[in-house]
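# Summary of structural features
Listed below, chain by chain, are the residues.
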Amino acid sequence: MLYRFGEERNLCFALPLGYQLGYPLPFNAHRVKGYRGPRATEFHIMGNHMRFNKPEVEKVMPADTFYFSIIRDPVALAESSFAYYKEIAPAFRKAKGLGDFVDDPNKYYDPRLRNNHYARNLLWFDFGMDNNANFSVELAQHGEAVIRQTFRLILVSEYFDESMILLRHALCWPLDAVVSFSLNAQQQKPSSNSVMGGSWVGKAAVAAGVGARAGRSQGKMLPNLSLTDRQREKLRQWNALDWYLYKAFNRTFWEDIDKFGRAQMEQEVALLRMRREILGRVCLKDDGKPVEAYRIRDKNIRPFQRGVVKILGYELQPGLDNATRMACLRMIRPEIQYKDLLDSKQFPRAVQSQLGQQGQGLLAAGGAFGRHDSSRTGEKMMTGEAEMERERDWDGSRIMKSNQTLKGVREKERLR
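Presented here is an overview of the structure given in this document. (Residues numbered from 1 in each chain as written. Predicted model: local features only at pLDDT ≥ 70, side-chain atom pairs only at ≥ 80, totals over all residues. Heavy atoms only, no water.)

Now for the overall build of the protein chain. Check the secondary structure of the protein chain and you find 16 helices and 10 strands. The buried share of the protein chain, taken over its 416 residues, is 54%. Long-range contacts, defined as pairs at least 24 residues apart, comprise 70% of the intrachain contacts of the protein chain with a sequence gap of at least 6. Summed over its atoms, the accessible surface of the protein chain is roughly 19900 Å², and 48% of this surface lies on carbon and sulfur atoms. (Helix = DSSP H or I, 4+ residues; strand = E, 2+ residues; numbered from the N terminus. Buried < 20%, exposed > 50% of the residue type's maximum accessible area, 1.4 Å probe, protein only. Contact = heavy atoms within 4.5 Å. Areas by Shrake-Rupley, 256 points an atom, 1.4 Å probe, with all protein chains shown as cover.)

Dropping the structure here:
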């Protein structure tokens, strides 16, 4: 979504040289491609994988950057991580199944080994803190406070559609900017795993791979993710710092929705899902159902595969006109291919050669949105009233920003 929004408006991305911003090492500003020093280049969006490191991020992004992130239930997060990173994290590789790991995690877990961060307090780790620290309420409260000092909005993966409504209002985006299809979804049991249902299970937010179909893939058995209620509770204890963060920010999330208005939230979520369904019918084959990668002929939209769990993607409807096809492509293009596309636009070969001679360029990532460049987006700044006229919303009304509150304005009435 961030890639799509920025590409449509010719915004400048803080891109990595590779595909992540030095992860799992703490973020460093010199890993951003084209970085020339603090604030030398105005970047608008930083959205690739990173381990958050605020002082370094602040060297890259403007002072008025809006920081946001998304969290996931630690149990679901562990299920997804075990499925996706089983061959990468030594702690997971040794265990027969997730339940086996949970029964005696210290038997498998060595904090000194590379990639074992996936096996404990991954949220805490990605926010830049020590995931192996012993739990205490005081430490957990301090970590929560540190996150709140920087991040203006923490979204919740289990309530993805509601999260997108809060996000669009916080950023003053039109509804269609937050309409999306589920990307990086892991193969599930046969069910209503359709983009039309509004469900969202994706590795990008490290969502759950629960119920992955039993069978063989690439000659190996799919990971056993089954857990008893007792094992789920043990998993929360093992990830106690993450569990504390999840409860704290989940509570704040619903407080934000209460302030927003439950009725208005229900209305906008319904509109979001309606738009997703409409666009799914327009853009996607097979009624919007994700398909296995081998069925997707176009390599530009074929999702990257890792390990034994199959990552699903989409096929476009045939016969689309050029404008519609481009809009649909932006909604289903996988992260890796999208990053390459943006990189080629932002750093054409001539520029890359020049930057290389000057010894410039490296990488970057994260979950932040920077200020708009009004000359690029066509926005109208009115500093006297602190208002910014943006674009049209789903109902044709203009999007206005006033006192950090999004308001839809019509000529004779105001949307509530």
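On to the pairing of strand S3 (residues 153-156), then. Taking every second residue as pointing to the same face, both faces of S3 are buried, with Leu 153 and Leu 155 on one and Ile 154 and Val 156 on the other. Looking at chain direction, strand S2 (residues 66-71) and S3 are connected through four bridges and run parallel. Bridging from a neighbouring strand, Phe 68 pairs with Leu 153 of S3. (Pairing = 2+ DSSP bridges.)

Among the nonpolar cores identified, the biggest contains 98 residues, and Val 32, Met 46, Val 60 and Phe 101 are the most heavily contacted of them. Examining the composition of this core, we find that nine residues originate from one element, helix H11 (residues 240-260), more than from any other. Not counting the four nearest positions on each side in its chain, Phe 101 is found in contact with Ala 91, Phe 92, Ala 95, Tyr 108, Ala 119 and Trp 238. (Core = buried A, V, L, I, M, F, W, Y, C linked by side-chain atoms within 4.5 Å.)

Let's shift gears to the pattern of salt bridges. With the rule as written, the count across this model stands at 19 salt bridges. The salt bridge partner of Glu 8 is Arg 9, with a shortest N-O separation of 3.1 Å. On the basis of relative accessibility, which here comes to 38%, the residue Glu 8 falls in the partly exposed class. The exposure class of Arg 9 is buried, given its relative accessible area of 12%. Put simply, Lys 339 and Asp 343 hold a salt bridge, and the shortest N to O gap is 3.1 Å. Taken together, the residues Lys 339 and Asp 343, both in helix H14 (residues 335-346) and four residues apart, mark about one turn of the helix. Judged by relative accessible area, which is 3%, Lys 339 ranks as buried. (Salt bridge = Lys/Arg side-chain N within 4 Å of Asp/Glu carboxyl O.)

Let us now look at the packing of aromatic side chains. Taken as a whole, this structure holds 21 aromatic pairs when the rule is applied. Here the aromatic rings of Phe 101 and Trp 238 are separated by 6.1 Å at their centres, their planes lie at 85°, and the arrangement is edge-to-face. Placement of Phe 101 in helix H5 (residues 98-103) and of Trp 238 in helix H10 (residues 229-238) is noted, with a sequence separation of 137 residues between them. The exposure classification of Phe 101 matches that of Trp 238, with both residues buried. Consider the rings of Tyr 159 and Phe 253, whose centres lie 6.2 Å apart with planes at 25°: the pair is stacked. Of this pair, Tyr 159 sits in the loop between S3 and helix H9 (160-171) while Phe 253 is found in helix H11, placing the two residues 94 residues apart along the sequence. Since its relative accessible area comes to 31%, Tyr 159 is described here as partly exposed. Judged by relative accessible area, Phe 253 falls into the buried class, the value being 1%. (Phe/Tyr/Trp six-rings, centres within 6.5 Å; stacked < 30°, edge-to-face > 60°.)

Turning to the packing of helix H3 (residues 74-85) against H10, a few remarks are in order. H10 packs onto H3 with a crossing angle of 95° between their chain directions and a minimal axis gap of 9 Å. Classed by the angle they form, the pair H3 and H10 counts as roughly perpendicular. Residue-level inspection shows Val 75, Ala 78 and Glu 79 of H3 in contact with H10, the latter providing Arg 232, Leu 235 and Arg 236. Along the lines of polarity and charge, the residues of the contact of H3 with H10 split into three nonpolar, no polar and three charged. (Axes fitted to C-alpha atoms, helices over the stretch in contact; angles between N-to-C directions. Parallel < 35°, antiparallel > 145°, perpendicular 65-115°, else oblique. Nonpolar A, V, L, I, M, F, W, Y, C, P; charged D, E, K, R; others polar.)

Turning next to unusual backbone geometry. Following Tyr 23, the chain continues into Pro 24 via a peptide bond in cis, with omega recorded as 10°. Residues other than glycine seldom take positive phi values, yet Asn 121 does so here, at roughly 45°. Within the fold, Asn 121 resides in the loop between helix H6 (105-108) and helix H7 (122-126). A relative accessible area of 2% means that Asn 121 is categorised as buried.

Right, let's get into the packing of H9 against H11. Between H9 and H11, the least distance of the axes is 11 Å, while the angle of their chain directions is 65°. For the pair H9 and H11, the sense of crossing is left-handed. On the side of H9, the interface is formed by Glu 162, Ser 163, Ile 165, Leu 166 and His 169, while H11 contributes Phe 253, Asp 256, Ile 257 and Phe 260. Residues of the contact of H9 with H11, tallied by class, amount to five nonpolar, two polar and two charged. (Left-handed = near helix turned anticlockwise from the far one by under 90°.)

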